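Given next are the chains, with one letter for each unit.
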Number of protein chains: 2
Amino acid sequence: MSFLSKRLMSTIKMKPTPSKAHHHYPLPSSSFPEGFVLGGIHAGVKKKAGVPDLAVILSTSERPTTAAACFTRNAFKAAPVIVSNEVLKKNGGYARAVVVNSGCANAVTGKQGMDDAWAMVQATDGLLSKSYKSSEFEHETLVMSTGVIGQNLPISKIVAGIKSQSAATLGSDFAAWERAAQAFMTTDTFPKLRSRTFTIGGVEYRMAGMDKGAGMIHPDMGPAGTTFSAPKQLHATLLGCIMTDAAVSPKSLQSALTYAVDRSFNSISVDGDMSTNDSIYVLANGAAAKDGAVIDEDTDKQGYEVFKKELTDFAADLAKLVVRDGEGATKFVTVTVKGAPSYKDAHNIASRISTSALVKTALYGEDANWGRILAATGSVPLLPSASTGATPVIDPKKVNVTFVPSDGTAALPVLVNGEPEKVDEVRAKEILTLEDFEVLVELGMEGDGEGEAQYWTCDFSYRVALRSVL
Amino acid sequence: MSFLSKRLMSTIKMKPTPSKAHHHYPLPSSSFPEGFVLGGIHAGVKKKAGVPDLAVILSTSERPTTAAACFTRNAFKAAPVIVSNEVLKKNGGYARAVVVNSGCANAVTGKQGMDDAWAMVQATDGLLSKSYKSSEFEHETLVMSTGVIGQNLPISKIVAGIKSQSAATLGSDFAAWERAAQAFMTTDTFPKLRSRTFTIGGVEYRMAGMDKGAGMIHPDMGPAGTTFSAPKQLHATLLGCIMTDAAVSPKSLQSALTYAVDRSFNSISVDGDMSTNDSIYVLANGAAAKDGAVIDEDTDKQGYEVFKKELTDFAADLAKLVVRDGEGATKFVTVTVKGAPSYKDAHNIASRISTSALVKTALYGEDANWGRILAATGSVPLLPSASTGATPVIDPKKVNVTFVPSDGTAALPVLVNGEPEKVDEVRAKEILTLEDFEVLVELGMEGDGEGEAQYWTCDFSYRVALRSVL
């Protein structure tokens, strides 16, 4: 900050950030799942009055509500991650509520942090039993937090906020879903909310959910000379919550979510860093299911596969919104890897390309730099074959790299069979100046036939570095 | 480029890049190893007249010269990497010469690239047999290239340049070493040359070498509307060459180099991307060794350990110069991880911290952001124990993070036993505004007692993103 005056900053003409208006509220309120009520309020975690910072999501279904979760694999798991995992394990995959706060991540907060996360669970459990039916479970709420780390939650404000909710204040219309989605936001520029319908066995179900994004945020330390007990350290967290009125067995809900998350939230990159709080929850309350109908991979493989695909596609829709809203991002780039020996190899390579600083700055520079893409591709160790144990080797002479525009016009091969193409620079520029395009890497290898994966990433613009000092 | 005029660019006041003058030529010419002659000339690979782009290094020792190499693990290995590996394998670890060109990487160049790399080897072989003694080997030259990828070498110019060298033009004084080091450079701002002496069994030996750095460089595409056959794609490559007048057996030279490279060149990060050309060579010509004396790990463990340590420290010195000269770097940061279950775990964690975009922008912002360091630390999967097979788990309550200044003043703990410290902000700023400092992460885990590793990294400044469009 010291070396860049505000005046100078204002003279740096950033590339205009693409309009994100069309990503906002495309939802008809009629397609939300039955049997859920939601609320989003200002509890006082965030300083600015009126800004939603607390969301409550309750299932009011008469059927048991199953739940599943994917949590960050980070060794330093935040308290809400540890607590939610405990609830879910103890209940064997049942939970009826989710409570979320933004503004403070309740991470690296020791024993107090655990107590606070449990207090949020208990307060929300109370809403369920007071306003809706009681339960056989001691706890049936999952909790999420996002925001500053190393600071304790203003827990009395949060608990008061939760207790202020009731059947009278919680709703199921679009406005209620929107307010809940708003309460997830930290540095997101728009709430991320989506819904869809799908049919299994002739019955129509609904799925809706919200998530929040990842960005690089710089701590705001106090004025020089002051002492601060805990630096204000905002960090990037991915939170997502999906609700459906289908009935799904606990085991199948978890396996479908694990599959879906791998191909959605685990296939996006903004800055390549994993948070201590990343969590995705799904609740299935069966409110639209016929009596006795339960989606289960053992008893109804076909129905399960439809559900798994719908959940995966829906999770990918939510995940892509995070990339579109990535801080410093001006482009939305799909990285597709085909012809790898296995899905895992394809995923690892797509991940490497998507997180390469060299590739991401080239994308920002709108430069058809296949060299950087190739170097990133080649730097990933391939996994030993599950059948033979041999480590596969890429044959450079079989590798293609292609830029695929999003507007349906012809793709542009830049490397074919390992040889650089004569590239029409005008055409390359046409594609690379698009907001959306695809980088396709074909390895031409034999494998288990599933060696294809997709990743969604954004470019590294000025703002990435600027953010560190603003 | 389109959106940032040159005038505007000039108004962006970059943080002054720290003076690198003191990193330049600290070498007394007397400490170079005996029995090597070198040359660095302008062969015409680079456009600018007079800029050295071709280096030749020959051993003139009467004793056999052993050689070892560490090459990039990238799947897309450049032709010089493949050819040098072949020479070394065929000779069983003997080679007497190294030829290096900068300006063109001879990467992704197909069969022509292989022919060209062999032509460089043959021409340099010719120098050896013409001007010095002949040999039992068909080839005894290793080759390195760095610069633009996807373009063929101007091979006739390079071969003519090699053939213009002879005992009359090659030298062994400081000027000769300096010219050779200059010929390694691409976007390096200074030649990287170091030497040292060491003693084994009462005999004094010398070691000297040069390397070149990694940076993020943006292709210079032609004016709009033109067609280009191969885009000019500069890329980051690490090349290094170390010469010693000790006598070392081929096997021990390779094992010492492998150990040294892991703890030096494999422990630095500028932009986190691995090149297709990265190569480190070492030649040991025995010119200073007593008759029959050979350093070998089987016959003289003690002497070997001394040599291994000297080689490791020397390689680290060279590697650190690359970080200091990293494009866009304004800081030199040592990342030390202690108390991990194994060296490999410590190395993986240090690597993750050193390549995290979030950590690197925080370093540039001079911000004591332990949250980003912790999140990076926790995102590394630990390896199963070699003895028990169990996967170790970090106990957050045992983790410390400390900032250690380079000026010898007191260290600043920011996280102690997993709890955030009350940090004196003025003191934090004092340390973080230094050009050099250390980030120390102590995990407090039990393991094999070797769970300590060091990495050297730099910050991500504006220039990283700016480079993509300039």
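For every chain, the first residue of its written sequence is number 1, and the numbers climb from 1 along that sequence. A letter from A marks each chain and a number from 1 marks each ligand, given out in the order of writing. Per-residue local features are limited, in this predicted model, to residues with pLDDT of at least 70; the limit for side-chain atom pairs, both in listing and counting, is 80 or more; totals at the level of whole chains, interfaces and linings are taken over all residues. Side-chain metrics rest on all non-hydrogen atoms present in the structure, leaving aside hydrogens and water.

The name an unreviewed UniProt entry gives chain A is Arginine biosynthesis bifunctional protein ArgJ, mitochondrial, with Psilocybe cubensis as the organism.

## Brief notes about the pattern of salt bridges
The condition is simple: The working definition used for a salt bridge is a side-chain nitrogen of Lys or Arg within 4 Å of a carboxyl oxygen of Asp or Glu. Only DSSP runs of H or I reaching four residues or more are called helices, and only runs of E reaching two or more are called strands; each is numbered from the N terminus. We call a residue buried when its accessible area falls under 20% of the maximum for its residue type, exposed when it is over 50%, and partly exposed in between, using a 1.4 Å probe and counting protein chains only.
Summed over the entire model, instances satisfying the criterion amount to 36 salt bridges over all chains. One salt bridge connects K192 of chain B with D325 of chain B, and the closest N-O pair in it is separated by 2.6 Å. Taken together, the residues span a long stretch of sequence, with K192 of chain B in strand β6 (residues 192-200) and D325 of chain B in the loop between α7 (301-324) and β13 (332-338) at a distance of 133 residues. On the basis of relative accessible area, K192 of chain B is assigned to the buried category, the value being 0%. Given the relative accessible area of 6%, D325 of chain B is considered buried. Here K308 of chain B makes a salt bridge to E305 of chain B, at a shortest N to O gap of 3.4 Å. In this pair, K308 of chain B and E305 of chain B are both assigned in helix α7, three residues apart and thus about one turn of the helix distant. In this structure K308 of chain B comes out as buried when scored by relative accessible area, which is 14%. A relative accessible area of 30% places E305 of chain B in the partly exposed class. One network of salt bridges, in which partners are shared, links E34, E204, R206 and D245 of chain A.

## Points about the environment of L363 of chain A
Residues and elements named next belong to chain A. When you line up the elements, L363 lands in helix α9 (residues 357-364). Taking the relative accessible area as the measure of exposure, L363 reaches 5% and is therefore buried. Distance in space between the C-alpha atoms of L363 and T330 is 9.5 Å, their sequence separation being 33 residues.

## Details of the side chain of R324 of chain B
This is how it is decided: Pairs of N or O atoms are called polar contacts if they sit within 3.5 Å, as long as, within protein, a hydrogen donor faces a hydrogen acceptor (for residues adjacent in sequence, only side-chain-to-side-chain pairs).
Here R324 of chain B is to be found in helix α7. Within the local environment of R324 of chain B, its side chain forms a polar contact with the side chain of D436 of chain B, the two groups lying 2.6 Å apart.

## Regarding the nonpolar core
All names here are of chain B. Here is the rule: Residue types Ala, Val, Leu, Ile, Met, Phe, Trp, Tyr and Cys, when buried and joined through side-chain atoms within 4.5 Å, form a set referred to as a nonpolar core. Here, residues are in contact when the closest pair of their heavy atoms is within 4.5 Å.
Ranked by size, the top nonpolar core spans 43 residues in total, and within it I353, F403, F437 and L443 carry the most contacts. Per-element tally for this core: the top contributor is helix α8 (residues 343-355), with five residues. Look past the residues within four positions of L443 in its chain and what remains in contact with it is V337, K338, G339, A340, I349, T377, I394, K398 and V399.

## Describing the environment of A315 of chain A
Residue and element names in this part refer to chain A. Structurally, the position occupied by A315 is in helix α7 (residues 301-324). Along the backbone, A315 and G389 are 74 residues apart, and their C-alpha atoms lie at a distance of 33 Å. Not counting residues within four places of it along the chain, the set of residues in contact with A315 comprises I242, A260, S264 and F265.

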